[in-house]
Amino acid sequence: MHFNNLSTKEKFVILDKGTEMSFTGKYYKFDANGTYLCKQCNAPLYRSSDKFDSKCGWASFDDEIEGAITRTVDADGIRTEITCSNCGGHLGHVFEGEEFTNKNTRHCVNSVSINFMPLEITKQQKFERAIFAGGCFWGVEYLLQKEKGVISTTVGYIGGTTTNPTYQEVCSKTTGHTEAVEVYFNPDEISYETLTKVFFEIHDPTQINRQGPDVGEQYRSEIFYFNNYQKEIVEKLIKQLENTGLKIATKLSPYSEFYIGEDYHQNYYKRKGSKPYCHFRTKRF
Ligand SMILES: [Zn+2]
């Protein structure tokens, strides 16, 4: 398993056991159905069905996925710290006896420590995370989700300068974000290398700031890597493609905050029962 690189803010909470400001976390008011994974190692930690609004300012859960959470006495000697059982990353604290719910337990979790996946799972599973931008996210998602081993896909925005951008803002080309697809996959069924090859074959990586009829920096080709393992694979594949004479426009960048797109953009072609106009498979490897 390849751990994800952490940003300065993520290191402060996950490694140095810091606390994010109350009422500021991405998941404090978030109530979609799915599973929350560890930001550092992608281990499934909490189910959305166990999430409740405690109004305390942080994401709250009254139960955990079995075996996912480790409890220890906090450095303050009073509270109980909770960490990811797989990687030891700091999540927050757990409190009992507050009577918020029948389970009488509140896992008070920093949003910075977790990431949401729109799929409800029942047990510990192995995941890795990838983010690809290659033009209209409807088409990229449609083709990537067909691959065996791809567990969930989410379309959204990444790589810009503002927080929580809307589709209209991204289209206005003032925020710097690109449309992108976040993928969780089972590395035992599909490797990051195979998945990335698929990505290079379902869009045209030679086009700069456009993909067919869609023109603008929000349609650029870019891969956001989570760790050096992913970075090295992308560099290798770009070299391979360049050796075939292609001039690759795909940018390679460390991941930054991924903002989930509006509901009406998710699974667009699957829901409509139609096919992409701008993305199709072309053999390049
Ligand atoms: Zn972890």
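Residues numbered from 1 in each chain as written. Predicted model: local features only at pLDDT ≥ 70, side-chain atom pairs only at ≥ 80, totals over all residues.

A. Structural detail: the environment of Phe30. As for its position among the elements, Phe30 is in the loop between α1 (8–15) and β1 (35–38). With 23 residues separating them along the chain, Phe30 and Asp53 place their C-alpha atoms 9.4 Å apart. (Helix = DSSP H or I, 4+ residues; strand = E, 2+ residues; numbered from the N terminus.)

B. How the structure looks around the sheet that holds strand β2 (residues 44–47). Pairing is antiparallel across the open sheet formed by three strands, whose spatial order is β2-β1-β9. Among the strands making up the open sheet, the edge pair consists of β2 and β9 (114–117). On average, each strand axis in the sheet is inclined to that of its neighbour by 30 degrees, with strand direction left out of account. Sheet topology note: the β1/β2 ladder contains three bridges and is antiparallel. Pairing of Leu37 across the sheet is with Pro44, part of β2. (Pairing = 2+ DSSP bridges. Axes fitted to C-alpha atoms, helices over the stretch in contact; angles between N-to-C directions.)

C. Structural context of the nonpolar core. Counting 59 residues, the largest nonpolar core has Leu37, Leu45, Ile131, Phe132, Ala180, Val181 and Val183 as its most contacted members. For this core, the element with the most residues is helix α2 (residues 137–144), which contributes six residues. Counting contributing residues, this core receives three or more from each of domain 1 (8–116) and domain 2 (124–272). (Core = buried A, V, L, I, M, F, W, Y, C linked by C-beta atoms within 7 Å. Buried ≥ 20, exposed ≤ 12 C-beta atoms within 10 Å, placed from the backbone. Domains from an automatic or database assignment.)

D. Representation of the environment of Cys38 in the model. On the secondary structure map, Cys38 appears in strand β1. Taking C-alpha positions, Cys38 is 8.9 Å from Asn86, a pair spaced 48 residues apart along the chain. Discounting chain neighbours no more than four positions away, the residues touching Cys38 are Ala43, Leu45, Cys84, Asn86, Cys87, Gly89 and Ile114. (Contact = placed C-beta atoms within 7 Å.)

E. Structural context of the pairing of strand β15 (residues 221–225). In terms of burial, β15 is largely enclosed, as four of its five residues are buried. Of the pairings in the sheet, the one linking strand β10 (residues 128–134) to β15 comprises four bridges and is antiparallel in character. Each bridged residue has a counterpart across the sheet, and for Gly134 the counterpart in β15 is Ser221. Sheet topology note: the β15/strand β16 (residues 251–254) ladder contains four bridges and is parallel. Bridge pairing in β16 links Tyr225 to Pro254. Handedness of the β15-helix α5 (residues 228–243)-β16 crossover: right-handed. (Right-handed = clockwise from strand over helix to strand, strands pointing away.)

Nothing here speaks to function; it is all geometry.
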